[in-house]
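Breakdown of the fold
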Amino acid sequence: IDGSLGRRRILMNLQREQGNSQVKLNQFLIDPPRVYVKPDEFTVNETGEFLLFCEYDANPVSLQSVRWLQNNTVLNLNQSRFDGGNPELTALLVRNATRDDKGLYVCELSNQVGTGTSERGVFVDVQCEYCALIEFTDERAYVKTCDRII
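Nothing here was measured: the structure is a model prediction, and the numbers come from that model. (Residues numbered from 1 in each chain as written. Predicted model: local features only at pLDDT ≥ 70, side-chain atom pairs only at ≥ 80, totals over all residues. Heavy atoms only, no water.)

Details of the overall build of the protein chain
What the protein chain contains, in helices and strands, is zero helices and 14 strands. Starting at the N terminus and ending at the C terminus, the protein chain contains elements arranged as β-β-β-β-β-β-β-β-β-β-β-β-β-β. Taking all 150 residues of the protein chain together, 33% fall into the buried category. Sequence-distant contacts, at least 24 apart, represent 51% of the contacts inside the protein chain between residues at least 6 apart. Working note: accessible area of the protein chain is about 10300 Å², and carbon and sulfur atoms make up 47% of it. (Helix = DSSP H or I, 4+ residues; strand = E, 2+ residues; numbered from the N terminus. Buried < 20%, exposed > 50% of the residue type's maximum accessible area, 1.4 Å probe, protein only. Contact = heavy atoms within 4.5 Å. Areas by Shrake-Rupley, 256 points an atom, 1.4 Å probe, with all protein chains shown as cover.)

Here it is, written out as structure tokens:
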């Protein structure tokens, strides 16, 4: 028997032992992951790194998949600058941040019951600092960019 209680499911198993007239009722409460991310926001300098945490409550606790989304797009974590973001380590470490890493990050986890997504996300801001040199000649002003200030 499979009953539903909101996002939770109750599995009931009736067992009758052979030669016994009694019936045993087992109930199991199972849920998809309820997902929480932290911190709420994070600011990092370009070329720096940042760590996002994805925590959850679920029954069963074993996960089948972990996905991180940035601005509603699934991240391809098969790049060397990413660590984590898998069932063994749900947190995500991003190295060598670029301006393309700016945005809202959400964590999505799945177990055998279903999928849960963090209701709130982590907003990451990447600071890109550049300088400009202005050279003046008699007739014109030239603007040249220079290396990043770190």
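Re the state of the cysteines
What the rule picks out here adds up to one disulfide. Each sulfur in the disulfide pair C54 and C107 lies 2.0 Å from the other. Judged by the sign of its S-S torsion, about -85°, the cystine formed by C54 and C107 is left-handed. In this pair, C54 is assigned in strand β5 (residues 50-59) and C107 in strand β10 (residues 103-110), connecting sequence segments 53 residues apart. The burial state of C54 is the same as that of C107; both residues are buried. (Disulfide = S-S within 2.5 Å.)

Comments concerning the pattern of salt bridges
With the rule as written, the count across this model stands at seven salt bridges. Between D83 and R95 there is a salt bridge, with its nearest N and O atoms 2.3 Å apart. In this pair, D83 sits in strand β8 (residues 82-86) while R95 sits in the loop between β9 (89-94) and β10, placing the two residues twelve residues apart along the sequence. Residue classification places D83 among the partly exposed residues on the basis of a relative accessible area of 34%. Given a relative accessible area of 29%, R95 falls into the partly exposed group. (Salt bridge = Lys/Arg side-chain N within 4 Å of Asp/Glu carboxyl O.)

Thoughts on unusual backbone geometry
Residue P39 follows K38 across a cis peptide bond; omega there is 0°. Within the secondary structure layout, P39 lies in the loop between β3 (23-38) and β4 (41-45). Cis rather than trans, the peptide bond between N59 and P60 has omega equal to 10°. On the secondary structure map, P60 appears in the loop between β5 and β6 (65-70).

A closer look at the environment of D83
Separated by twelve residues in sequence, D83 and R95 place their C-alpha atoms 8.4 Å apart. Dropping the residues within four chain positions of it, D83 is found in contact with A91, L92, L93 and R95. Looking at D83, its side chain comes within polar contact range of the side chain of R95, at 2.3 Å. (Polar contact = N/O pair within 3.5 Å; in protein donor to acceptor, adjacent residues only side chain to side chain.)

Description of the packing of aromatic side chains
On inspection of all chains with the given rule, the structure shows two aromatic pairs. Here F42 and F50 contribute two aromatic rings whose centre-to-centre distance is 6.2 Å and whose plane-to-plane angle is 40°, an arrangement assigned as tilted. Given a relative accessible area of 1%, F50 falls into the buried group. Plain terms: the ring middles of F50 and Y105 are 5.8 Å apart, the flat faces sit at 70° to each other, and that makes the pair edge-to-face. On the criterion of sequence distance, the pair formed by F50 in strand β5 and Y105 in strand β10 is long-range, its members being 55 residues apart. Y105 shares its class with F50; the two are buried. (Phe/Tyr/Trp six-rings, centres within 6.5 Å; stacked < 30°, edge-to-face > 60°.)

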